[in-house]
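Chain by chain, the residues:
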Amino acid sequence: MAILVTGGCGFIGSHTCVELARAGYDLVVADNFHNAKEEVCNRIETLTGRPLRVYRCDVREEAALCRIFEEQTIEAVIHFAGWKAVGESTRLPLEYYDNNLSGTVTLCKVMQRYGCKRLVFSSSATVYGEENPSPLTEDMPVGQVANPYARTKLFNEWVVKDLCAADPTFCGILLRYFNPIGAHPSGTMGEDPNGIPNNLMPYITGVAVGKLPKLMVFGNDYPTPDGTGIRDYIHVVDLARGHVAAVQYALAHTGAEVINLGTGVGYSVLDVVHAFEEANDLAIPYEIAPRRPGDVTIYCADPSKAERLLGWRAEYGIHDMCRDSWRWQKNNPNGYEE
Ligand code: UD1
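This text gives an overview of the structure that appears in the document. Since this is a predicted model, take the numbers as computed values, not measurements.

### Describing the site of the ligand
Thinking step 1. Neighbouring residues of the ligand: 19 residues in total, closest Leu200, Met216, Arg231, Arg292 and Asp295.
Thinking step 2. Side-chain polar atom of Thr126 to an oxygen atom of the ligand: 3.4 Å apart, as the coordinates give it.
Thinking step 3. Protein burial of the ligand: of its 740 Å² of free accessible surface, 86% is covered by the chains.
Thinking step 4. Among the elements of the structure, α7 (200-208) and β8 (215-218) are those that each provide at least two residues to the shell around the ligand.
Thinking step 5. Among the elements that line the shell around the ligand, the one with the most residues is β8, at 4 residues.
Thinking step 6. Of the residues that constitute the shell around the ligand, the class distribution is 10 nonpolar, 6 polar and 3 charged.

### Points about the layout of surface pockets
Thinking step 1. Considered as a void within the structure, the second largest pocket measures approximately 400 Å³ in volume.
Thinking step 2. Lining of the second largest pocket is provided by 26 residues; of these, Glu191, Asp192, Pro193, Lys211 and Gln329 occupy positions nearest its centre.
Thinking step 3. Among the secondary structure elements, those contributing two or more residues to the lining of the second largest pocket are α7 and α11 (318-331).
Thinking step 4. In the lining of the second largest pocket, the residues fall into 11 nonpolar, 10 polar and 5 charged.

### Some remarks on the sheet that holds strand β14 (residues 298-299)
Thinking step 1. Read across the sheet, 3 strands follow the order β12-β9-β14 without closing on themselves; strand pairing throughout is mixed. Edge strands, defined here as strands with exactly one partner in the open sheet, are β12 (267-268) and β14.
Thinking step 2. Both strand β9 (residues 230-231) and β14 contribute to a ladder of 2 bridges, which runs parallel. Considered in β14, the bridge of Ile230 is made with Ile298.

Criteria and thresholds
Residues numbered from 1 in each chain as written. Predicted model: local features only at pLDDT ≥ 70, side-chain atom pairs only at ≥ 80, totals over all residues. Heavy atoms only, no water. Near = heavy atom within 4 Å. Polar contact = N/O pair within 3.5 Å; in protein donor to acceptor, adjacent residues only side chain to side chain. Areas by Shrake-Rupley, 256 points an atom, 1.4 Å probe, with all protein chains shown as cover. Helix = DSSP H or I, 4+ residues; strand = E, 2+ residues; numbered from the N terminus. Nonpolar A, V, L, I, M, F, W, Y, C, P; charged D, E, K, R; others polar. 1 Å grid on protein atoms, 1.4 Å probe; cavity = no way out; pocket = protein on both sides within 12 Å on 5 of 7 lines; lining within 4 Å. Points joined across faces, edges and corners; volume = space filled by probe spheres on them. Pairing = 2+ DSSP bridges.

Spelled out as structure tokens, the structure:
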């Protein structure tokens, strides 16, 4: 019996593979390597001490997915595979809908055909939109989602919820992530974005390693103590452990559950910059720039449902996140490309 991890070579997927193996699960990865490097497989194997079973395939290819289910005994699926860049999604909406929605629908059809009824889906806190006040709880109505990427997350949640409603023996766990940062404490796995990073932490590490001249802080006129935006940053290893807990839960329950994965603690952009400087004894030059369109003032989780249902809570703090992000970047200045 194994857990199928789609997108298992991506940032969150790779860390989840390691935590699944540590928890004693057998795992199989399906990845098309669109946004991941082959080298990730070696790093996962080194950390887990066993060979990784990888299928190079796209989750939209029904026949390829069927082959996995024919050859392996899959008891649950964690579905990460999908595109994730907000800006790109506004330029390539059809590609986003095709990859993210067709991928999920095809995967669910194949799971149904093979009687596999346990699914953990990688959703995002972005579905809360701009209107809901933090701390965000799972029972809040979803908000106005502002871009195609966010809409694919929202529609995919509905795909899974509708499937659970049609088949009461199915279990679908919809994990809404807050802001994943950090890297594996070994310094061998981390985030490796293509091109100039959009997100805060890879940008900071890019500045620290000398690839980017300075950080642009997007707005210091928000109604927060230092004027910069506040987010709930979560260490990727905590997030990965949350997936292990969700799989355990899914194996023993039925129905759909939406669950936040965050720490419940918010940090401003400048808090993160200063924590990074302190944790790593480095200076990060920055400049205040105009607000980035689409950004909200504060986005923080109420993580109590995850603790109640899954017995999970985040353990790493902001200094750990900053230290591990930097260790990864410093040891791998070119990411997974040597
Ligand atoms: C972004 C996405 C969100 C997605 C998430 C995935 C947008 C608008 N939102 O969240 O949909 O689920 O990534 O991780 O893209 N910042 C700077 N300078 C930078 C980069 C960021 O000041 O160079 C600030 C932002 O204004 C924000 C904070 O840092 O206040 C975090 O930004 P980011 O890491 O991009 O995440 P989100 O925007 O919260």
